Structure formats: C-alpha cells, structure tokens
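What the coordinates show
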Amino acid sequence: MKITTRDGRVFQGTPIQIVKAMQDIAFGVEDVSLDRYIDWVVDNARRFEGVDLEANGVTVEERATVLVEGMIAHGLVSR
C-alpha cells in the first residue's frame, strides 16, 4: 500500500509499517507504544480535523489497518 498525506509525504508498506513510519516523524510520541500512538491519531483527527476515525481491532495490526483505511475514506490521505 502507498499513501500520500496532504502535505505531500509518501508512506509505503503494510498498514502497520505505515503507522510506524508516521509515528517516527511525529513529535512527542516517540516513547509511546504503537497502540497508544493509534489512539493519539484518532484523538487528534477528532480534535483538529473534526473527523471520527475508527481504530477497532484485537491486534495492533488490525487497528493499524482500520486506521489507515479510515484516513483514506475521510480524505486525510490519498492512495
């Protein structure tokens, strides 16, 4: 999968690889778990974009997949 953010950044890989790469460049979340980072993204999407993203799943892989699919569906990133 390959996605592009609105500011032109390109991320490529599996959803979990994409979410990890996004965390690597985010400020203030370097020391949190990937699971907590996903919660942080959901919270910030609601707070700053007015978008209710889902990140449901049993595993972090499932949550990352739902998150990335939601970001695409809401136009926060494009394929």
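In this numbering scheme, every chain counts its residues from 1 along its sequence in written order. Local features in this predicted model are restricted to residues whose pLDDT is 70 or higher, and side-chain atom pairs enter the listing and the counts only when it is 80 or higher, whereas totals over whole chains, interfaces and linings include all residues. The side-chain quantities take in all heavy atoms of the structure and omit both hydrogens and water.

**Structural notes on the sheet that holds strand E3 (residues 77-78)**
Each strand in a sheet pairs with another by means of backbone hydrogen bonds, the pair being arranged parallel or else antiparallel. Rules: When DSSP finds two or more bridges between two strands, those strands count as paired. Helix and strand definitions here come from DSSP, where helices need a minimum of 4 consecutive H or I residues and strands a minimum of 2 consecutive E residues; each element is numbered from the N-terminal end. It only takes one pair of heavy atoms within 4.5 Å for two residues to be counted as in contact. Here an axis means a line fitted to C-alpha atoms, over the contact stretch when the element is a helix, while the angle between two N-to-C directions is reported on a 0 to 180 degree scale.
Reading across the sheet, the 3 strands line up as E2-E1-E3 and stay open at both edges, with antiparallel pairing between neighbours. The open sheet has two edge strands with one neighbour each: strand E2 (10-12) and E3. With 2 bridges connecting them, strand E1 (residues 2-5) and E3 associate as antiparallel partners. Its bridge partner lying in E3, threonine 5 is registered against valine 77. Packed onto the sheet, helix H1 (residues 15-25) meets E1 and E2 and runs at close to 140° relative to E2.

**A word on the layout of surface pockets**
For the record, the criterion: Computed over the protein atoms alone on a 1 Å grid, cavities are sets of points where a 1.4 Å probe fits but cannot get out and pockets are open sets with protein on both sides within 12 Å along at least five of seven lines; a residue lines them when it has an atom within 4 Å of a point. Grid points are joined across faces, edges and corners, and a volume is the space filled by probe spheres set on the points. Each residue gets one label: Ala, Val, Leu, Ile, Met, Phe, Trp, Tyr, Cys and Pro are nonpolar, Asp, Glu, Lys and Arg are charged, and the others, such as Gly, are polar.
Approximately 560 Å³ is the volume found for the largest pocket. If you go around the largest pocket, you meet 20 residues; those closest to its centre are Thr5, Met22, Tyr37, Val41 and Met71. Secondary-structure elements contributing two or more residues to the lining of the largest pocket are H1 and helix H2 (34-49). The element best represented in the lining of the largest pocket is H2, accounting for 7 residues. Its residues assigned to classes, the lining of the largest pocket shows 14 nonpolar, 2 polar and 4 charged.

**Considerations on the environment of glycine 75**
Residue placement: glycine 75 occurs in the loop between helix H3 (60-73) and E3. In this structure, the C-alpha to C-alpha distance between glycine 75 and glutamate 62, residues 13 residues apart in sequence, is 20 Å.

**Let's talk about the environment of glycine 57**
Note the cut-off: Working definition: with a 1.4 Å probe on protein chains only, accessible area under 20% of the residue-type maximum means buried, over 50% means exposed, and in between means partly exposed.
Relative to the assigned elements, glycine 57 resides in the loop between H2 and H3. Overall, glycine 57 belongs to the partly exposed group, its relative accessible area being 41%. Sequence-wise, glycine 57 and lysine 2 are 55 residues apart; in three dimensions their C-alpha atoms are separated by 22 Å. Discounting chain neighbours no more than four positions away, the residues touching glycine 57 are Glu62 and Arg63.

Bear in mind that shape data such as this cannot, by itself, settle questions of function.
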